[in-house]
Amino acid sequence: MSTGQIRIKSLDNTAWLAIFRNQDEPHASFSIECSVDIGHGVFDAENSDVHFLNQKEFAEALDDFILDRALAPQLDGTYDTFVKFFRPAGRNSVMVNFAIGDAFSGRSAAARYRTEGEFEMDAEYLNGLVAEFAALFNGQ
């Protein structure tokens, strides 16, 4: 059962990224999902067993990013999964760059999979995201 979740939507409502905490124990894994519809293609990905490796550092960097857009806070996870916030050069917008990865050990060799993308988000939601990530990481 998920105890917390975050959903980040693109400014044009064509993409979203969601992160869920799978249980309320301190070392619980997370689920991460995305959906992107670019008109001539739709991309969906999900990994329901990701562990994030730098939760505290990311939460602090995301909070600092609100006032210092030169930063690029990145949440790193297992299987090459990540979520990164940044300001593109010469623009005042906020972008979300992400990858959802996984691996499968088959009969003969391991296979790695990854979906990645980015979208512009409404910068007005950054303050709320800082609080939502803090609650998610603390199992609230």
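Scroll up to find the structure this text is about.
Residues numbered from 1 in each chain as written. Predicted model: local features only at pLDDT ≥ 70, side-chain atom pairs only at ≥ 80, totals over all residues. Heavy atoms only, no water.

Undergrad: Explain the sheet that holds strand β1 (residues 4–9) residue by residue, including any values.
TA: Strand order in the open sheet made by the four strands is β1-β2-β3-β4, with antiparallel pairing throughout. Both edges of this open sheet fall to β1 and β4 (42–50), since each of them pairs with a single strand only. Between one strand axis and the next, the sheet turns by 10° as a mean value, whatever way the strands run. Here β1 pairs with strand β2 (residues 15–21) via six bridges, running antiparallel. (Pairing = 2+ DSSP bridges. Helix = DSSP H or I, 4+ residues; strand = E, 2+ residues; numbered from the N terminus. Axes fitted to C-alpha atoms, helices over the stretch in contact; angles between N-to-C directions.)

Undergrad: Could you give an account of the packing of helix α1 (residues 55–65) against helix α2 (residues 126–137), naming the residues involved and the relevant values?
TA: Direction vectors running N to C along α1 and α2 enclose 165°, while the axes themselves pass 9 Å from each other. The angle between the axes of α1 and α2 places the two elements in the roughly antiparallel class. The two elements α1 and α2 cross, and the hand of that crossing is left-handed. Contacts between α1 and α2 pair Q55, F58, A59, L62, D63 and F65 from the former with L126, L129, V130, F133 and F137 from the latter. For the contact of α1 with α2, a count of residues per class yields nine nonpolar, one polar and one charged. (Parallel < 35°, antiparallel > 145°, perpendicular 65-115°, else oblique. Left-handed = near helix turned anticlockwise from the far one by under 90°. Contact = heavy atoms within 4.5 Å. Nonpolar A, V, L, I, M, F, W, Y, C, P; charged D, E, K, R; others polar.)

Undergrad: Outline the nonpolar core, supporting the account with residue identities and numerical values.
TA: Counting 31 residues, the largest nonpolar core has L17, L62, F85, L129 and F133 as its most contacted members. Sorting elements by how many residues they give to this core places α2 first, with six residues. (Core = buried A, V, L, I, M, F, W, Y, C linked by side-chain atoms within 4.5 Å. Buried < 20%, exposed > 50% of the residue type's maximum accessible area, 1.4 Å probe, protein only.)

Undergrad: Could you give an account of the packing of aromatic side chains, naming the residues involved and the relevant values?
TA: For the coordinates displayed, the defined rule picks out seven aromatic pairs. Between F30 and F137 the ring centres are 6.2 Å apart and the planes differ by 90°, which places this aromatic pair in the edge-to-face class. Placement of the pair is F30 in strand β3 (residues 30–37) and F137 in helix α2, with a sequence separation of 107 residues. By the burial criterion, F30 is buried, and F137 matches it. Plain terms: the ring middles of F58 and F133 are 5.0 Å apart, the flat faces sit at 80° to each other, and that makes the pair edge-to-face. (Phe/Tyr/Trp six-rings, centres within 6.5 Å; stacked < 30°, edge-to-face > 60°.)

Undergrad: Give me the pattern of salt bridges: which residues, what numbers.
TA: According to the stated counting rule, one finds four salt bridges in the structure shown. Residue D80 pairs with R112 through a salt bridge whose shortest N-O separation is 2.8 Å. Taken together, the residues D80 in the loop between β5 (74–76) and β6 (82–86) and R112 in strand β8 (residues 110–121) connect sequence positions 32 residues apart. Residue classification places D80 among the partly exposed positions, given a relative accessible area of 40%. Among the ionic pairs, R91 bridges to E120, the shortest N-O distance being 3.4 Å. With a gap of 29 residues between them, R91 in the loop between β6 and β7 (94–105) and E120 in strand β8 connect regions that are remote in the sequence. (Salt bridge = Lys/Arg side-chain N within 4 Å of Asp/Glu carboxyl O.)

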